[in-house]
Amino acid sequence: MAQQEEPADDRTRSAGLSPAALALAARCEPRVNELARRMARGVFEQLHGYADLPADVKDVEIAATARHAMRLFLRGATGGAAADPLEYFQERAAQRAEEGMPLHLLLRTYGLGVRELWRVLRETAAAEERDALAELAEALFTAEDRIVGAVTESYLDEQAALVAERQEQRRSRARALLEGGVDPRGPVADGSTLVLYVGFTDPAPPGERSPVAARRLLRRVQTALDRAFGTETLALLDGGGGHVVIRGCGEVPARLLEALREAAGSETRLACARARSVEHIPRIGRQVAEVVRVARACGHSPGLHRLDDVLLEYHLSRPSDASDRIAALLAPLDDRPELVQTLRIHLGQRQDRRATARVLSLHPNSVDNRLTRIQELTGLDLGSPRDAALALAALSVRAVDAAADAATG
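Residues numbered from 1 in each chain as written. Predicted model: local features only at pLDDT ≥ 70, side-chain atom pairs only at ≥ 80, totals over all residues. Heavy atoms only, no water.

Asker: Would you mind going over the packing of aromatic side chains with me for this structure?
Answerer: What characterises a pair of aromatic rings is the spacing of the ring centres plus the angle enclosed by the ring planes. Within this structure, the stated rule accounts for two aromatic pairs. Centroid distance tyrosine 88 to phenylalanine 89: 5.7 Å. Interplanar angle 85°. Geometry classified as edge-to-face. Taking relative accessible area as the criterion, tyrosine 88 reaches 4% and is therefore assigned buried. Here phenylalanine 89 and tyrosine 110 contribute two aromatic rings whose centre-to-centre distance is 6.2 Å and whose plane-to-plane angle is 75°, an arrangement assigned as edge-to-face. Placement of phenylalanine 89 in helix H5 (residues 87–99) and of tyrosine 110 in helix H6 (residues 103–124) is noted, with a sequence separation of 21 residues between them. Note on phenylalanine 89: relative accessible area 0%, which makes it buried. Seen from the ring of tyrosine 314, arginine 318 lies directly overhead, with NZ or CZ sitting 4.1 Å from the centre. (Phe/Tyr/Trp six-rings, centres within 6.5 Å; stacked < 30°, edge-to-face > 60°. Buried < 20%, exposed > 50% of the residue type's maximum accessible area, 1.4 Å probe, protein only. Helix = DSSP H or I, 4+ residues; strand = E, 2+ residues; numbered from the N terminus. Lys NZ or Arg CZ within 6 Å of the ring centre and 35° of its normal.)

Shown next, in the form of structure tokens:
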């Protein structure tokens, strides 16, 4: 990137350097090419990871950047010129980010470059040029600060853009698999595909939800998933949870639930199932989401849920022509939430009145009184297997309907 050379007077005014300082800098300029080569193939070799870079990056890109930086400084252009002197370094920083060069390695090349240039200035300066040397030292450190700041900002911006692009590619691939049973990367051999649904604690109301907090939550969850499975998982998540698809995997890692709880909180729920082929992924995706919804609605403790864990509730809560009439059986309890809670726990404890009393921290006689009142209001005889099944079906339908209303409201 060619730089238009300014007249000496203009350079002096733009950089704020004295004629003596510019004269000293000018005597060092012929050594720029040699110094840039020595940096790229000698000085920078002491940096961990630098030796692994491709030869063309070291000999062309890094050497050219070092050469440009030194010429820019020695010609007194650091104080500002017609073209932005930082743009060149920002472009190179973005390129290094795209190539995957670590930021610490990139910044250390600038630090070592400044040190080497300072060494040349010191060696070239005569005893009577002490003031000019001090002037150049101040200008050099000022220039380094500006360039390093611009390089860091550009590198991080490019890195963030690359991460966002990769994340969106993963989301698009997950969406395609979950919605259409196709993989955007083309046909791949069928095999076990694990489909998960992760449910977080109910999110805050929209007006109180922090976008920053939501993004941090999703980053933590994505990181936990990738580490647990040892690969970049395909996740389609939002602030309330979502689906995860892992091709070529059939089992949940032992520490996955623990890792997700550390990332998203102790109320995290997880459901999983295997899809036999790509075409089955959409159906399995709907199933695992419903398993989490049923488990939450029916009062199951947060954790790992499988279809077998909620088999009866899942079946009873499926929509049918009879759903409204079954749900209406418990309408007389609408104003008595403590009776609904007692009924749910009593059925969950296999109608053991003492176990129900322990869960509710009540005396067994109090449980009996509540059960009697339930039977009086609803007409259901909980001692009858048929009526107990109807009560469980009514609880399941109402709970799932309430959860659906809350999600859409």
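There's more to say after this.
Asker: Quick question: what am I supposed to make of the pairing of strand S2 (residues 234–238) here?
Answerer: Where a strand is regular, its side chains alternate between the two sheet faces. Taken across its five residues, S2 has four buried, putting it largely inside the fold. With five bridges joining them, S2 and strand S3 (residues 241–247) adopt antiparallel strand pairing. Residue pairing for S3: aspartate 238 is matched across the bridge by glycine 241. Once S2 ends, the chain turns through two residues before running back antiparallel as S3. (Pairing = 2+ DSSP bridges.)

Asker: What exactly am I supposed to notice about the environment of glycine 383 here?
Answerer: Positionally, glycine 383 belongs in the loop between helix H15 (364–378) and helix H16 (385–408). Taking the C-alpha atoms as reference points, glycine 383 and glutamine 351, separated by 32 residues in sequence, lie 8.6 Å from one another.

Asker: Explain helix H8 (residues 211–229) here, please?
Answerer: Each turn of an α-helix holds 3.6 residues, which means side chains three or four residues apart point in the same direction. Between its terminal C-alpha atoms H8 stretches 27 Å, which fits the 27 Å expected from 19 residues at 1.5 Å a residue. Those residues of H8 not exposed but buried are Leu217, Val221, Gln222, Ala224, Leu225, Asp226 and Phe229. Taken together, the buried residues of H8 touch helix H7 (130–180), strand S1 (193–199), S2, S3 and helix H9 (256–264). Just beyond H8, the residue with positive phi is glycine 230, at close to 70°. (Expected span 1.5 Å × (residues − 1). Contact = heavy atoms within 4.5 Å.)

Function cannot be read off these values alone, since they describe shape.
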